[in-house]
Amino acid sequence: MAQGPKDQGGVGTADPDDDSPNMIVYRKIEDIIYRIQDDKTGGVPIRTVKSFLSKIPSVVTGADIVQWLMKNLIIEDPAEAIHLGSLVAAQGYLFPISDHVLTLKDDGTFYRFQAPYFWPSNCWEPENTDYAIYLCKRTMQNKARLELADYEAENLARLQRAFARKWEFIFMQAEAQVKVDRKKDKTERKILDSQERAFWDVHRPVPGCVNTTEMDIRKCRRMKNPQKVKKSVYGVTEDSQAQSPVHMPVQPQRKTTKEDVQKQITFLNTQLDRHCMKMSKVAESLMTYTEQFLDFDPFLTMPDPSNPWISDDTTFWELEASKEPGQQRVKRWGFSLDETLMDPVGRDQFLKFVESEFSSENLRFWLAVQDLKRRPLQAVSARVQEIWQEFLAPGAPSAINLDSHSYERTSQNMKDPGRYSFEDAQEHIYKLMKSDSYARFLRSSTYQELLLAKKKLENEQGRRTSLEKFTRSVGKSLTGKRLTGLMQSS
Amino acid sequence: MCDQTFLAISFGPCDKCVKTKPLMNIYIKTDQFNYCSLCVEMMANEGLRDNETLSSLKNESETLKCKLEEERAKLHDVELHQVADRVDALGQFVMKTRRTLKGHGNKVLCMDWCKDKRRLVSSSQDGKVIVWDAFTTNKEHAVTMPCTWVMACAYAPSGCAIACGGLDNKCSVYPLTFDKNENMAAKKKSVAMHTNYLSACSFTNSDMQILTASGDGTCALWDVESGQLLQSFHGHAADVLCLDLAPSETGNTFVSGGCDKKAMVWDLRSGQCIQSFETHDSDINSVRYYPSGDAFASASDDATCRLYDLRADREVAIYSKESIIFGASSVDFSLSGRLLFTGYNDYTINVWDVLKGTRVSILFGHENRVSTLRVSPDGTAFCSGSWDHTLRV
């Protein structure tokens, strides 16, 4: 019947081989717990505090813990340290000695560290019978500090009803526990009692508190050792199912076969042949992209007229939805052909332009193929034929200009028509449009007019937004042009 | 071989080469065969060769991996944050919760925005899937799924349907109707069938195709109308937890992350894995493409988020802090790609400067794990869903 930190054995620490997500967190917390209690390396002072007629053993103040966390985990904001400490408490690694609610406060409130026996990394899943024994035990002992809280009294009543037949057994167990406890040293008893209470605060939390033992069901399957799960705090085994319903049997790991390894080798060889970019180029590219879209990012640049979520005004969205494209939007089309095509208004403008040049067949082909890919499976074959007839067949009404190689490939694909029959052709046409029609579109009078139309308005806005930007960050080193341009104009 | 003497049990046609010879009685696995001495020798040698090849293949694979690392490392001439020193630091951010959506009876597991930038769909452990107008916080539709733990939900690009699934191993599509008399559940369409839970789903550019990821280790592309499987993607060694489609109009790829710590990039057309990244120490809970489509970020239970670039074919940044010890559950970029929003199991949301690698802000507010996070289509806000039953915008 003996339990408690005395018979720890190797039970305290998390299994180093178990790398399930929960264990990873427990190991990190336990690392913190070891460090924080270690005198030699600047841990917190754990003392016995004198209070009225009695002594309070082995406590540390909340403020000390917060200080330690801030110093040793490089946290600048005390609020963050308090939050982290509260989480460590909620998981069950430390607790306030006079409260059931497991949070950390940055003041003189006293806290105690949990015994390794009770650590969550031991995979505890205590049964209700144990909880019943525990509550029963508490009512038997005449100590003010062991009185049941309201919710605990309710729980006990409920359990009494549920375990009506077993109650004699539970009562006996509780009595036995009390006898064993009486033999222990008074100070030790105080500590043990508080630790036991904290354990139950984690597994049977105060109503309204977060139950930190809840698990993400997707990760449950991989618990390696159902045997490792501890169910009984007091050495009482439950008659009913030995396996927790949450632990499903582990799927046997598929052994890697020769084919698997051969596939890996082929894959690795392909990777070796791949042409990769240098980091410096990649970094430049990411930075340029971010810089380019800085003005369009509502988190970095206040949208015009306002962010609907902040001002409760939906004008911003209404403007976007209207057929009149704003200057910012038109500017965005100039970034790449992709941007133009993604924006429905941009697409329309581009289409109008190429129609005016009598070269719309390329864009229409591209749009048709995009549409094809979005059709339901049944409609695919028919549509493929239609596209072929319209754009590619000899004597087609909207014949597109394909190189012979792509044409060959596409005609081959027509024998087994599918969603991706025109991939080659589409890529080729896209490149053509990009270098040819798109470039001309950007130079065209229609586009330039759209861009310039709002230019006057932009200058006024420019002054306003530049002031806003000043309060956040001064100057733009990458493209100083814009800011200096504005400064020159104003 | 001819001068080998052995105890011949019988004389007759060999089971393998059919020649009439003295035969030996041998056992292969649990079956008994009568082979002539020549065939026995050959069998024994073949067995040896098989074993050799498996381990030699494994060695070859390892050598290739090392070589690949070396080659990639040669191109790693500078760190991203070093180059980003040139860029201005971001100022202080004041980000507040602008809307709180209450109504779910249990943990919120997943959410997705509608293209109209204000509606969103969310799913929860109690089996309910709710469509909200987040701007007014009104609930517009609600469906009760027959299973609990609805882990995935998605909004169709047209805004006329939603898809969801979870422990039922299926992905179902519900057309959204404004007719009060119509029961949404009646028009339900079962599209995807997996052999394990559905962990993520997403419509491609159209309402007609859905991409799903499942606990059975595969991803699959389905035709919504017929429910037919168009393409399946095999390669993960464990549950696939998340996926994201490439953002461009011409994109044909998607990235997936799983419990095998790998993030893999796939070609939608062929079903082949194009690239693979394995630097996380634990499950990858969420992946999201950088807005340009050239890179993607991943959030993992090892409490870090990492940025991988597809052109450099390697990890280019890690976002972590000593004080962050709980796993990251979800990640998304702001519109320009400068900010990375990540939700953690420690109830907080951290905002990172993607280029510099520093944390810009930490947001408190949720009272339990943040399970899902998405930036709205126009980047004006982001929504986080949590185990505390609420969603915040």
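Residues numbered from 1 in each chain as written. Chains lettered and ligands numbered in written order. Predicted model: local features only at pLDDT ≥ 70, side-chain atom pairs only at ≥ 80, totals over all residues. Heavy atoms only, no water.

Going by the annotation in an unreviewed UniProt entry, the name recorded for chain B is GNB5 protein, with Polyodon spathula given as the source organism. Here chain B is described in UniProt, under the heading Sequence similarities (unreviewed entry), as follows: "Belongs to the WD repeat G protein beta family." (UniProt positions renumbered as here; feature names shortened; annotations may be inferred.)

### A look at the sheet that holds strand β28 (residues 359–363) of chain B
Residue and element names in this part refer to chain B. In spatial order, the strands read β25-β26-β27-β28; together these 4 strands make up an open sheet with antiparallel pairing. Of all the strands in the sheet, just β25 (328–333) and β28 have a single pairing partner and so form its edges. The average angle at which neighbouring strand axes cross in this sheet is 20°, direction not considered. Summarising the sheet, strand β27 (residues 349–353) and β28 pair through 4 bridges and their orientation is antiparallel. (Pairing = 2+ DSSP bridges. Helix = DSSP H or I, 4+ residues; strand = E, 2+ residues; numbered from the N terminus. Axes fitted to C-alpha atoms, helices over the stretch in contact; angles between N-to-C directions.)

### Quick notes on the packing of helix α15 (residues 344–356) of chain A against helix α19 (residues 423–443) of chain A
Residues and elements named next belong to chain A. Direction vectors running N to C along α15 and α19 enclose 95°, while the axes themselves pass 10 Å from each other. For the element pair α15 / α19, the angle class is roughly perpendicular. Seen from α15, the contacting residues are Gln349, Phe350, Phe353 and Val354; seen from α19, they are Met433, Ser437, Tyr438, Arg440 and Phe441. Considering only residue class, the contact of α15 with α19 consists of 6 nonpolar, 2 polar and 1 charged. (Parallel < 35°, antiparallel > 145°, perpendicular 65-115°, else oblique. Contact = heavy atoms within 4.5 Å. Nonpolar A, V, L, I, M, F, W, Y, C, P; charged D, E, K, R; others polar.)

### Observations concerning the sheet that holds strand β29 (residues 370–375) of chain B
All names here are of chain B. One open sheet accounts for 4 strands, arranged β4-β31-β30-β29; its pairing is antiparallel. Each edge of the open sheet carries a strand with a single partner, namely β4 (100–102) and β29. Between one strand axis and the next, the sheet turns through 15° on average, direction left out of account. Direction of pairing for β29 relative to strand β30 (residues 382–386): antiparallel, over a ladder of 5 bridges. Note on β30: the bridge partner recorded for Val370 is Ser386.

### So, the pattern of salt bridges
Residue and element names in this part refer to chain A. Counted by the stated rule, this structure contains 40 salt bridges over all chains. Between Arg35 and Asp31 there is a salt bridge; the shortest N-O distance is 3.6 Å. One end of the pair is Arg35 and the other is Asp31, both in helix α1 (residues 21–37) and 4 residues apart, which spans about a single turn. A relative accessible area of 27% places Arg35 in the partly exposed class. Looking at Asp31, the relative accessible area reads 40%, which means it is partly exposed. The salt bridge partner of Glu390 is Arg364, with a shortest N-O separation of 3.8 Å. Linking Glu390 in helix α17 (residues 377–392) with Arg364 in helix α16 (residues 361–373), this pair joins segments that are 26 residues apart in sequence. (Salt bridge = Lys/Arg side-chain N within 4 Å of Asp/Glu carboxyl O. Buried < 20%, exposed > 50% of the residue type's maximum accessible area, 1.4 Å probe, protein only.)

### Let's talk about the packing of aromatic side chains
Using the criterion set out here, one finds 41 aromatic pairs over all chains in the structure. Here the aromatic rings of A:Tyr289 and B:Tyr290 are separated by 5.6 Å at their centres, their planes lie at 55°, and the arrangement is tilted. Placement of A:Tyr289 in helix α10 (residues 279–293) and of B:Tyr290 in the loop between β21 (284–289) and β22 (295–300) is noted, with the two residues assigned to different chains. Comparing A:Tyr289 with B:Tyr290 shows no difference in burial state: the two are buried. Centre to centre, the rings of A:Phe299 and B:Phe341 are 4.9 Å apart; their planes meet at 50°, and the pair counts as tilted. Of the two residues, A:Phe299 is situated in the loop between α10 and α11 (308–311) and B:Phe341 in strand β26 (residues 339–344); the pairing between them involves two chains. Residue classification places A:Phe299 among the buried residues on the basis of a relative accessible area of 14%. Feature note: the residues A:Tyr117, A:Phe118, A:Trp124, A:Tyr131, A:Tyr134, A:Phe199 and A:Trp200 constitute an aromatic cluster, connected by ring pairs. For B:Arg99, the ring lying beneath its charged end belongs to B:Phe135, and the centroid distance is 4.9 Å. (Phe/Tyr/Trp six-rings, centres within 6.5 Å; stacked < 30°, edge-to-face > 60°. Lys NZ or Arg CZ within 6 Å of the ring centre and 35° of its normal.)

### Observations regarding the packing of α16(A) against α19(A)
Residue and element names in this part refer to chain A. Where α16 contacts α19, the two axes come as close as 10 Å, and the packing angle between them is 140°. Classed by the angle they form, the pair α16 and α19 counts as oblique. Taken as a pair, α16 and α19 cross one another with a handedness that is left-handed. Within the contact between the two elements, α16 uses Asn362, Leu363, Phe365, Trp366, Val369, Gln370 and Lys373 and α19 uses Glu423, Ala425, Gln426, Ile429, Tyr430, Leu432 and Met433. Per-class residue counts for the contact of α16 with α19 are 9 nonpolar, 3 polar and 2 charged. (Left-handed = near helix turned anticlockwise from the far one by under 90°.)

### So, the interface of chain B and chain A
Taken together, the contact between chain B and chain A spans 115 residues of the former and 99 residues of the latter. The junction of chain B with chain A conceals about 9,100 Å² of combined surface from both sides, 61% of it contributed by carbon and sulfur atoms. Of all residues in chain B, B:Glu249, B:Arg311 and B:Ile325 give up the largest surface area on contact with chain A, accounting jointly for 8% of the area buried on that side. Counting the contacts that link chain B with chain A gives 8 salt bridges. Linking B:Lys107 and A:Glu214 is a salt bridge whose minimum nitrogen-to-oxygen distance equals 3.4 Å. (Buried area = accessible area lost by both parts, 1.4 Å probe.)

### Quick notes on the UniProt feature "repeat: WD" (unreviewed entry) in chain B
Residue and element names in this part refer to chain B. When the UniProt feature table is mapped to this numbering, "repeat: WD" (unreviewed entry) covers residues 101–142, 191–232, 233–276, 277–318, 330–362 and 363–393. Along residues 191–232, the helical share is 0% and the strand share 60%, with 14 Å between the first and last C-alpha atoms. Annotated as residues 233–276, this span is 0% helix and 52% strand, and its ends, taken at the C-alpha atoms, are 13 Å apart.

### Looking at the pairing of strand β2 (residues 54–61) of chain A
All names here are of chain A. As judged from the 4 bridges shared by strand β1 (residues 47–51) and β2, these two strands associate in the antiparallel manner. By the bridge assignment, Val49 is partnered in β2 with Ile56. Both β2 and strand β4 (residues 110–113) contribute to a ladder of 2 bridges, which runs antiparallel. Each bridged residue has a counterpart across the sheet, and for Thr61 the counterpart in β4 is Phe110.

### Observations regarding helix α3 (residues 78–91) of chain A
The end-to-end C-alpha distance of α3(A), which contains 14 residues, comes to 20 Å, matching closely the 20 Å that a straight helix rising 1.5 Å per residue would cover. The buried count for α3(A) comes to 11 of 14 residues, which makes it a mostly enclosed element. Within the sequence span of α3(A), burial applies to A:Glu80, A:Ala81, A:His83, A:Leu84, A:Gly85, A:Ser86, A:Leu87, A:Val88, A:Ala89, A:Ala90 and A:Gln91. Summarising the contacts, the buried residues of α3(A) are in contact with α1, α2 (62–72), β3 (94–96) and α7 (186–203) of chain A together with β28 of chain B. A:Gly92, located one to two residues past α3(A), shows a positive phi value of around 110°. (Expected span 1.5 Å × (residues − 1).)

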